[in-house]
Amino acid sequence: MKFFLPLSLSFLSLLSISAQAQAPATTAPAVAQASANGLATAKFKTSAVCDMCKARIEKSLAYEKGVQSAVLDVPSQVVTVTYKADKTTPAALRTAVQKTGYDADDLTADARAYNRLPDCCKKTNAVH
C-alpha cells in the first residue's frame, strides 16, 4: 500500500503535465479569431538605420496601448504595427515613433529625443 500511493501520485502528475502541454493547441484558433476581429495593421516609413534603431522603435511601440506587435524592417526602414483599432490609431503610433527620436512618414523626429540617440542612429551619420 505504501508503494501504491506514491506511484499513483506520480502517474497523476504525469497526466496533468500532458494535459497542460496540449492546452495551447486548443487555444490557437481563438488567437486566429481575435486577429480577425478588431485588429488592424499600419505600415509607415521611419528614419531607422541600424539594429539598435530597430530595438528602440519596437520597444517603444510595445509600450503603446493597444499594440499587439511591431516589426521594423531595417533595410526598407518600414515598421509594421498590428494593433487594436479601438485602442489606438496610426497617427498615435506615428507620434510614438516621433517621440522616440525617429521620423515617421511625414512627421519629423522630436528634436530632444533625436539628440539623445546614439551617433550611429542619427540621420546625419556618414556611415549610413
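Rules used in this analysis
- Residues numbered from 1 in each chain as written.
- Predicted model: local features only at pLDDT ≥ 70, side-chain atom pairs only at ≥ 80, totals over all residues.
- Heavy atoms only, no water.
- Helix = DSSP H or I, 4+ residues; strand = E, 2+ residues; numbered from the N terminus.
- Buried < 20%, exposed > 50% of the residue type's maximum accessible area, 1.4 Å probe, protein only.
- Expected span 1.5 Å × (residues − 1).
- Arc of directions from axis to C-beta.
- Contact = heavy atoms within 4.5 Å.
- Core = buried A, V, L, I, M, F, W, Y, C linked by side-chain atoms within 4.5 Å.
- Phe/Tyr/Trp six-rings, centres within 6.5 Å; stacked < 30°, edge-to-face > 60°.
- Lys NZ or Arg CZ within 6 Å of the ring centre and 35° of its normal.
- Pairing = 2+ DSSP bridges.

For the chain, the name recorded in an unreviewed UniProt entry is Heavy-metal-associated domain-containing protein, with Hymenobacter monticola as its organism.

What exactly am I supposed to notice about unusual backbone geometry here?
The bulk of non-glycine residues show a negative phi, and the bulk of peptide bonds are trans. Positive phi outside glycine occurs at Gln 77, with the angle close to 60°. Positionally, Gln 77 belongs in the loop between strand E2 (67–73) and strand E3 (78–84). Here Gln 77 falls in the partly exposed class, since its relative accessible area comes to 22%. Look at Asp 105: it is not a glycine, yet its phi comes out positive at around 55°. Inspection of the secondary structure puts Asp 105 in the loop between helix H3 (90–100) and helix H4 (111–116). Judged by its relative accessible area of 37%, Asp 105 is partly exposed.

Teacher, can you tell me more about helix H2 (residues 51–62) here?
Turn by turn, an α-helix covers 3.6 residues, leaving residues three or four places apart pointing in a common direction. Helix length check: H2, at 12 residues, gives a terminal C-alpha distance of 16 Å against a target of 16 Å (1.5 Å per residue), a fit within 8%. Taken as a whole, H2 has its buried residues at Cys 53, Ile 57, Ser 60 and Leu 61. Projected down its long axis, H2 shows its buried positions confined to an angular sector of 100°, all on one face. Exposed residues pointing more than 90 degrees away from the buried face of H2 are listed as Asp 51, Lys 59 and Ala 62. Packing partners of the buried residues in H2 comprise E2, E3 and H3.

How should the nonpolar core be read in this particular structure?
Inside soluble globular proteins, nonpolar side chains tend to come together where they are buried. Judged by nonpolar contacts, the single largest core of 23 residues is most densely connected at Phe 44, Ile 57, Leu 61 and Val 81. Among all residues touching Leu 61, those that are not within four sequence positions of it are Val 67, Ala 70, Val 79, Val 81, Leu 93, Ala 96 and Val 97.

Got a minute to help me understand the packing of aromatic side chains in this structure?
Pairs of aromatic rings are described using the distance from one ring centre to the other and the angle between the two planes. Using the criterion set out here, one finds 0 aromatic pairs in the structure. Taking the ring centre of Tyr 114 as reference, the NZ or CZ of Lys 122 above it sits at 5.7 Å.

What am I meant to see in the environment of Ala 42 here?
Turning to its location among the elements, Ala 42 is positioned in strand E1 (residues 39–45). Given the relative accessible area of 7%, Ala 42 is considered buried. Spatially, the C-alpha atoms of Ala 42 and Thr 82 are 6.6 Å apart, while their sequence positions differ by 40 residues.

Is there a simple way to explain the pairing of E2 in this structure?
Side-chain direction in a regular strand flips from residue to residue, so the side chains alternate between the two faces of the sheet. By the bridge criterion, 6 bridges tie E2 to E3 in an arrangement that is antiparallel. Each residue of the ladder has a partner; that of Val 71, found in E3, is Thr 80. Turn length for the E2-E3 hairpin, with the two strands adjacent in sequence and antiparallel, is 4 residues, and the turn residue Gln 77 shows positive phi of about 60°.

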